[in-house]
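Observations on the three-dimensional arrangement
Residues per chain are reported as follows:
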2 protein chains.
Amino acid sequence: MAAPLPVSPLARPMPALAPVAGVRFGAAAAGIRYTGRTDLVMAEFAPGTTVAGVFTRSKCPGAPVDWCRAALPQGVARALVVNAGNANVFTGRAGFEATQANAADAARLVGCAASQVFLASTGVIGEILPHQKITDALPGLYATLSDNGWADAARGIMTTDTFPKGAVRETTIGGTPVRIQGIAKGSGMVAPDMATMLCFVATDAALPAPVLQALLSAGTNKSFNRTTVDSDTSTSDMVLLFATGLAGNPPIAAETDPALADFAEALDSLLLELALLVVRDGEGATKLMRIQVTGATSDESAHRVALAVANSPLVKTAIAGEDANWGRVVMAVGKSGEPANRDTLSIAMGGVWIARNGTVVTGYDETPVVAHMKGQEIDIDIDLGLGNGASTAWSCDLTHGYIDINGSYRS
Amino acid sequence: MAAPLPVSPLARPMPALAPVAGVRFGAAAAGIRYTGRTDLVMAEFAPGTTVAGVFTRSKCPGAPVDWCRAALPQGVARALVVNAGNANVFTGRAGFEATQANAADAARLVGCAASQVFLASTGVIGEILPHQKITDALPGLYATLSDNGWADAARGIMTTDTFPKGAVRETTIGGTPVRIQGIAKGSGMVAPDMATMLCFVATDAALPAPVLQALLSAGTNKSFNRTTVDSDTSTSDMVLLFATGLAGNPPIAAETDPALADFAEALDSLLLELALLVVRDGEGATKLMRIQVTGATSDESAHRVALAVANSPLVKTAIAGEDANWGRVVMAVGKSGEPANRDTLSIAMGGVWIARNGTVVTGYDETPVVAHMKGQEIDIDIDLGLGNGASTAWSCDLTHGYIDINGSYRS
């Protein structure tokens, strides 16, 4: 294996991950691909835990994605098993059998139906998952599950990640304090929809599965589906949200219940924090880009324009070079295919409007923009001047580091 | 300015570019941006020359693209003026005025209507084109136009190109020999539709403008629209095809005339040769990738799958690393959004089928594939196993060279 990657300069320290009532996590070294590190993560959830999920839109999803999609309609989860190092993708019948075997393993330990076990795998594509290693490791791992296993879990699911990722929110539902806590992994093959990553969030809130699903879908649309590292969508992406119900909040029947407003806001902001942590760990990233589009004919159109800019290799290399090359932003807007009018288009970087209504601003002084480009967080504003549609996307720069990481043999 | 780039390892020598009856080319140094090299190209066409054009689909096209689009419906061309170093894009009213002035300059010299002058600009976006420099240089340049100016023209339109690009075909229409000859430039911001580049082709065939347009549109769809370097579409792309009529072939009324079959085939192959020369000069390219998709539900679907693979940074970096990482091909097929079924998907590299029907081929021996990956021309075959749709796309690898070229200040 290659030497460990240096930690991203955009890394953020892990927050303290406290227990979430009804959730026990742990990690073990099963030797699936890596040596000298944990690569197998398990969680057990209290009886009655509801679950929601959002999955990759890839037409070639991995076997664990198929498994979770099939299990989700029941809306009940008792366990989660995740391995790193092998994605169990494009593995045919063997891949399906691996999911069956490992779900059955976890179900036996927890004492639940196999369909209440959720599975995720991340790593190399096309190699048969050595599921017996997981079978062998699970009993020992199960014995170590703990309220305090969150940080270990965040580390155990990493692949090319250079730092573990977690986020916490404390909020209330109908006056009852509830906690939302999540971990994520991902750093390449990251694009909507979904950003190539795994994200597991749990809360002690009591929420029916359909409500949970509505909240999660809305939250991922505002977070993971607005971030991109390299436009490449993984076969294995998923976000799972588990609600143990042990907080004892008043019953909630619908996602439109006003008592949910704070919770929804906290969940949205937690998901965005985790999504941005993934971008911050984008392979080779040295700068975080925020692209804000206004004046589009619709929000959806603004979203597509923002992503065209966020994914443009020429914009991303310019940012890497600390070059306020707004001409490449014009190019990327133009290629998006969305309604745009050159003569109403305005572009700002670092809050300074460089071009207004189709031409460079008279007396444009590059000095403050040049200073902004030297920072770690780069803001690009694009006003299409056509309507009221708005959206924001996040990306990172494209550097030699990306080539180093992905151009070496079977990274 | 940065030091000159090393010539692409994929470069091809320029063929001998002989005269095309009715076409006189030349190049001059107008000092628009570069020093010590030609940056202004002019051509004069014999009276009666017909013209066809295909332009960028960018929503933010440059002023010269607007100019040519407006002139094209007349179908008549007497002159072409091209500058390198400044794209005259996002230059507002000043950009329009520059096109007016330079078209009038050329019209005066040639003795034609300004609307019979075609214009193209390539280079930096957002800077006002110093059109007076072109006005000043054109009379001297016009005096030097020559039947043998093609190679000079191919050099004069280069920007980040590392080698000049030309191609020739000799064919017949109704027994009359005709010549087709073209030059092209482009190496980055290259993607459909159109590949970011300029391409000028002339023939001495006598063909009405509508017939010429039909042939050109069909030919670019099979060539430039199937090539990509970095998925970024320029604001300035164009392919122009001029037909002077001096070959004296029998009259042709429609593109469906069987007498045109050889000409159409020759034109298609010339356009593909020029398009591939652009990919061979892709910024930082060290390998040319050919992605052939079969078994799709339609040709159009196959085209989109091929482009998803051709544009995937993870596939492109794997090729750069000489890694037969077919898992990334699976990923790219999956993200294309086109109909695909994991369990009928097959992938070959270098003609060796690695995965068949959703899983790795039993006893797959990587040895011949590893040898293929070390070559300069990489073949990837993808059979979706669903229908009869097929398409081919070409791309290049993604290397440190791309970052070097595009991550430096205002390259």
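Residues numbered from 1 in each chain as written. Chains lettered and ligands numbered in written order. Predicted model: local features only at pLDDT ≥ 70, side-chain atom pairs only at ≥ 80, totals over all residues. Heavy atoms only, no water.

The name recorded for chain A in an unreviewed UniProt entry is Arginine biosynthesis bifunctional protein ArgJ, from Gluconacetobacter azotocaptans. If you open the UniProt record of chain A and go to Subcellular location (unreviewed entry), you find "Cytoplasm". Its UniProt record gives chain A the following Sequence similarities (unreviewed entry) comment, quoted word for word: "Belongs to the ArgJ family." (UniProt positions renumbered as here; feature names shortened; annotations may be inferred.)

Residues and elements named next belong to chain A. With respect to the helices, strands and loops of the structure, Ser 121 is situated in strand 5 (residues 117-124). Distance in space between the C-alpha atoms of Ser 121 and Val 82 is 5.6 Å, their sequence separation being 39 residues. A distance of 2.6 Å separates the side chain of Ser 121 from the side chain of Asn 83, its partner in a polar contact. (Helix = DSSP H or I, 4+ residues; strand = E, 2+ residues; numbered from the N terminus. Polar contact = N/O pair within 3.5 Å; in protein donor to acceptor, adjacent residues only side chain to side chain.)

Moving on: the interface of chain A and chain B. At the interface, 60 residues of chain A touch 61 residues of chain B. Overall, the association of chain A and chain B removes approximately 5000 Å² of surface from exposure, summing both partners, and the carbon and sulfur fraction of that is 58%. Taken as a group, Lys59(A), Phe90(A) and Arg342(A) account for 16% of the area that chain A buries against chain B, more than any other trio of residues on that side. Counting across the chain A and chain B interface gives two salt bridges. Our enumeration of links across chain A and chain B arrives at 13 residue pairs in polar contact (both at pLDDT 80 or more). Residue assignment for the side of chain A that touches chain B shows that the elements contributing at least two residues are helix 8 (313-320), helix 9 (326-335), strand 13 (359-360) and helix 11 (400-406) of chain A. Looking at the side of chain A that touches chain B, the element that brings in the most residues is helix 9 of chain A, giving eight residues. Its residues assigned to classes, the side of chain A that touches chain B shows 21 nonpolar, 24 polar and 15 charged. (Contact = heavy atoms within 4.5 Å. Buried area = accessible area lost by both parts, 1.4 Å probe. Salt bridge = Lys/Arg side-chain N within 4 Å of Asp/Glu carboxyl O. Nonpolar A, V, L, I, M, F, W, Y, C, P; charged D, E, K, R; others polar.)

Further remarks concern the domain arrangement of chain A. All names here are of chain A. The assigned domain composition of chain A is domain 1 (23-280) and domain 2 (288-406). On a C-alpha basis, the centres of domain 1 and domain 2 stand 33 Å from each other. Listed as interface residues are 13 residues of domain 1 and, on the opposing side, 14 residues of domain 2. Taking both sides of the interface into account, the surface hidden between domain 1 and domain 2 amounts to around 1200 Å²; carbon and sulfur atoms contribute 61%. On the domain 1 side of the contact with domain 2, Arg 226, Thr 228 and Arg 280 bury the most area, a combined 43% of that side's loss. Between Glu 377 and Arg 280 there is a salt bridge; the shortest N-O distance is 2.7 Å. For the interface between domain 1 and domain 2, the tally reads two residue pairs in polar contact (both at pLDDT 80 or more). Its residues placed into classes, the side of domain 1 that touches domain 2 shows five nonpolar, four polar and four charged. (Domains from an automatic or database assignment.)

This brings us to the packing of aromatic side chains. Tallied over the full model, the rule gives eight aromatic pairs over all chains. A ring pair is formed by Phe118(B) and Phe242(B), whose centres lie 6.3 Å apart and whose planes are at 80°; its orientation type is edge-to-face. With Phe118(B) in strand 5 (residues 117-124) and Phe242(B) in strand 9 (residues 238-243), this pair connects stretches of sequence that are 124 residues apart. Take Phe118(B) and Phe242(B): they sit in the same class, and that class is buried. Aromatic rings pair up to connect Phe45(A), Phe118(A) and Phe242(A) into one cluster. Across from the ring centre of Phe163(A), 4.5 Å away, lies the NZ or CZ of Lys165(A), which sits over that ring. (Phe/Tyr/Trp six-rings, centres within 6.5 Å; stacked < 30°, edge-to-face > 60°. Buried < 20%, exposed > 50% of the residue type's maximum accessible area, 1.4 Å probe, protein only. Lys NZ or Arg CZ within 6 Å of the ring centre and 35° of its normal.)

Strands in a sheet are paired, the pairing made by backbone hydrogen bonds, and the direction either parallel or antiparallel. Residue and element names in this part refer to chain B. In space, the five strands of this open sheet follow the order 3-9-8-7-6, with mixed pairing throughout. Looking at the sheet topology across the chains shown, the edges are occupied by strand 3 (50-55) and strand 6 (165-173). Put simply, the sheet's adjacent strands are angled 15° from each other on average, direction ignored. In this structure, strand 6 lies alongside strand 7 (residues 176-185), joined through nine bridges in antiparallel fashion. Along strand 7, the bridge assignment pairs Glu 170 with Arg 179. Across the sheet, helix 6 (residues 261-280) touches strand 6, strand 7, strand 8 (198-203) and strand 9, and the angle it forms with strand 6 is around 175°. (Pairing = 2+ DSSP bridges. Axes fitted to C-alpha atoms, helices over the stretch in contact; angles between N-to-C directions.)

Turning next to the relation of the copies chain A and chain B. Mapping chain A onto chain B is achieved by rotating through 180° and translating by 0.0 Å along the same axis, at an RMSD of 0.0 Å. What the superposition gives is, in effect, a two-fold axis relating one chain to the other. Minimal C-alpha separation from the rotation axis in chain A is found for His400(A), amounting to 2.9 Å. An overlap of 100% is found between the interface residues of chain A and their copies at the interface of chain B, pointing to a shared contact surface. (Least-squares fit on C-alpha atoms with pLDDT ≥ 70 in both.)

Here Gly166(B) shows up in strand 6. Contacts of Gly166(B), omitting those with residues within four sequence positions, involve Met14(B), Pro15(B), Leu17(B), Gly182(B), Ile183(B), Glu273(B), Leu274(B) and Leu277(B).

Among the secondary structure elements, Gly337(B) is positioned in the loop between helix 9 (326-335) and strand 11 (346-349). For the pair Gly337(B) and Asp237(B), spaced 100 residues apart in the sequence, the C-alpha separation amounts to 27 Å.

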